[in-house]
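# Architecture and fold: a report
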Amino acid sequence: MDLAGLNTRFAIQDALVFNQGPGGLVVAEVENQAASAQIALQGAQLMRWSPGAEQPVIWLSDAARFEPGKSIRGGVPVCWPWFGPHPSEAGFPAHGYARTVLWEVLTTEALSPLQTRLVLRLVETDATRAWWPHDTPVECHITVGEALELELVTRNAGSEPVTIGEALHTYFQVGDVERVQVLGLEDGEYLDKVDGFRRKTQSGPVAISAEVDRVYVNSPGACVISDPVLQRRILIDKRGSESTVVWNPWIEKAAKMGDLGDAGYRHMLCVESGNAADNLVDIAPGEQHRLWVSYRVER
């Protein structure tokens, strides 16, 4: 559907409009009485969210590339239907294909002057079916307001059970990553990718002073990012998620990536809610799985 068609069917006066964004990508722009946000239809990827007069809470790289079929550095990429490399096919896209393909708009709604909701559905093609031959319609429900809510809904419409991995790969904007702490994962078991996926136990709050790439397994609880530089706490609540991923590439890896920007690693921290490693999700025929997260700023 072209921009005119999208706006005719789905725009909401004084709340939501569709525009052509960078790289020609179609972007939903939300501006209600509580918050503003931008969502790319490619990948159903929320790129920005700012509640009220707050500085952006979701980080988007100054050097992000906006190209059809390419992932965008920052925002909230949707990792689905697997997390990390494909378990058997090395040539398949890392973290699945959901973040690089087009999603269609199903509905938009002004829940109130303070809340705006979009429901998007992944568009399956011959290419996606070559990667994932299962009949599993997936939707992303995005509610923009004083809190940001994201819900990934996967339904098994086939006749056989399916197993998925997934994550909302959220990049949070922080004042200085060396000064933040992540609370809520104390004493949790994690797989340390930086150290050959060894299993370790978290001691105290998570702090960042080098490359960090960890999957905290069996971690269904809420987390808090405490940021003394921006003088705020980001509260992360979730349901349907048993894994929490914490990631920052640090200096050397960030320099090799090419799209993190100068010193970008210092101002971002990924705290991802999902189901990975020990916590893959089995979905029986006719059943569905819902991964829901909520982000809120507290001062």
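Shown above is the structure to which this text applies.
The residue count restarts for each chain, going from 1 along the sequence in the order it is written. Where totals are concerned, whole chains, interfaces and linings use all residues; where local detail is concerned, this predicted model gives features only for residues with pLDDT of at least 70, and gives and counts side-chain atom pairs only at 80 or more. As a rule here, side-chain values cover all heavy atoms of the structure and leave hydrogens and water aside.

## Considering the overall build of the protein
Rule in force here: Per the convention used, a helix needs a DSSP run of H or I reaching at least four residues, while a strand needs a run of E reaching at least two, with both numbered from the N terminus. Relative accessibility thresholds used throughout: buried, under 20% of the residue-type maximum; exposed, over 50%; partly exposed, between the two (1.4 Å probe, protein chains only). The contact criterion used throughout is that any non-hydrogen atoms of two residues lie within 4.5 Å. Asp and Glu count as negative and Lys and Arg as positive, but His and the ends of the chain are not part of the count. Taken as the charge location is NZ of Lys, CZ of Arg, CG of Asp or CD of Glu.
Each helix and strand in the protein was counted, giving 3 helices and 23 strands. With the C-alpha coordinates of the protein rotated into their principal frame, the extents come out at 50 × 50 × 35 Å. When each of the 299 residues of the protein is scored for burial, the buried share is 52%. Taking the intrachain contacts of the protein between residues at least 6 apart in sequence as the baseline, contacts between residues at least 24 apart amount to 63%. Of the side-chain charges in the protein, 26 are positive and 39 negative, and the distance between the mean point of each set is 3 Å.

## Some words on the sheet that holds strand β3 (residues 35-40)
We count it as follows: At least two bridges found by DSSP between two strands are what make those strands a pair. Lines fitted to C-alpha atoms define the axes here, with helix axes fitted over just the stretch in contact, and angles between the N-to-C directions of these axes take values from 0 to 180 degrees.
The antiparallel open sheet is built from 4 strands, whose spatial order is β1-β2-β3-β4. For this open sheet the edge positions go to β1 (16-20) and β4 (45-51), each flanked by a neighbour on one side alone. Direction aside, neighbouring strands of the sheet carry axes that sit 15 degrees apart on average. By the bridge criterion, 5 bridges tie strand β2 (residues 26-31) to β3 in an arrangement that is antiparallel. When the bridges of β3 are listed, V30 appears paired with A37. The strands that helix α1 (residues 3-10) touches are β1 and β2; relative to β1, the one it contacts most, it runs at about 175 degrees.

## Some thoughts on the state of the cysteines
We count it as follows: What counts as a disulfide here is a pair of cysteine sulfur atoms lying within 2.5 Å.
For the coordinates displayed, the defined rule picks out 0 disulfides. You can see C140 has no disulfide; the closest cysteine sulfur is in C79, sitting 12 Å from it. Cysteine C223 remains unbridged, with the sulfur of C270 as its closest cysteine sulfur at 13 Å. Taking relative accessible area as the criterion, C223 reaches 3% and is therefore assigned buried.

## Considering the pairing of strand β20 (residues 243-248)
By the criterion of burial, β20 is predominantly enclosed, with 6 of the 6 residues buried. The alternating pattern of β20 places S243, V245 and W247 on one face and T244, V246 and N248 on the opposite face, and all of these are buried. Relative to β20, strand β17 (residues 212-216) runs antiparallel, the two sharing 5 bridges. Counted as the bridge partner of Y216 is T244 from β20.

## Regarding α1
Stated formally: Directions from the helix axis toward the C-beta atoms define the arc.
When α1 is considered as a whole, its buried residues turn out to be G5, L6 and F10. Axial view of α1: buried residues confined to an arc of 100 degrees, hence all on one face. Away from its buried face by more than 90 degrees, α1 exposes A4 and T8. Among the structural elements, β1, β2 and β6 (103-112) are those in contact with the buried residues of α1.

## Some details on the packing of aromatic side chains
For clarity, the threshold we go by: Each Phe, Tyr or Trp ring (for Trp, its six-membered ring) is paired with any other whose centre lies within 6.5 Å, and the angle between the two planes then decides the class: stacked below 30 degrees, edge-to-face above 60, tilted in between.
Under the criterion given, the structure shown has 11 aromatic pairs. Ring plane angle 25 degrees and centroid distance 5.8 Å describe the contact between W59 and Y171, whose orientation is recorded as stacked. Here W59, found in the loop between β4 and β5 (78-79), pairs with Y171, found in strand β12 (residues 171-173); they are 112 residues apart in sequence, far enough to count as distant. Assigned by exposure class, W59 and Y171 land together as buried. On the basis of an interplanar angle of 50 degrees and a centroid distance of 6.5 Å, the ring pair of W82 and W132 is categorised as tilted. Taken together, the residues W82 in the loop between β5 and β6 and W132 in the loop between α2 (126-131) and β8 (138-144) connect sequence positions 50 residues apart. With respect to class, W82 is no different from W132; both count as buried. One aromatic cluster is present, built from ring pairs that chain together W80, W82, F92, Y97, W131 and W132.

## Quick word on the sheet that holds strand β19 (residues 232-239)
In spatial order, the strands read β6-β7-β8-β9-β23-β19-β18-β13-β16; together these 9 strands make up an open sheet with antiparallel pairing. Each end of this open sheet is capped by a strand with a single partner; those strands are β6 and β16 (206-207). Bridge analysis of strand β9 (residues 148-155) against strand β23 (residues 288-298) gives 8 bridges, and the strand direction is antiparallel. Bridge pairing in β23 places E151 opposite W292.

## So, unusual backbone geometry
For the peptide bond that leads from W80 to P81, omega is 0 degrees, which places it in the cis range. Tracing the sequence through the fold places P81 in the loop between β5 and β6. With a phi close to 65 degrees, H95 is a non-glycine residue in the positive phi region. Summarising the element assignment, H95 is placed in the loop between β5 and β6. Exposure remark for H95: the relative accessible area of 16% places this residue in the buried category. At D187, a residue that is not glycine, the phi angle is positive and equals roughly 70 degrees. With respect to the helices and strands, the residue D187 is situated in the loop between β13 (181-183) and β14 (189-192).

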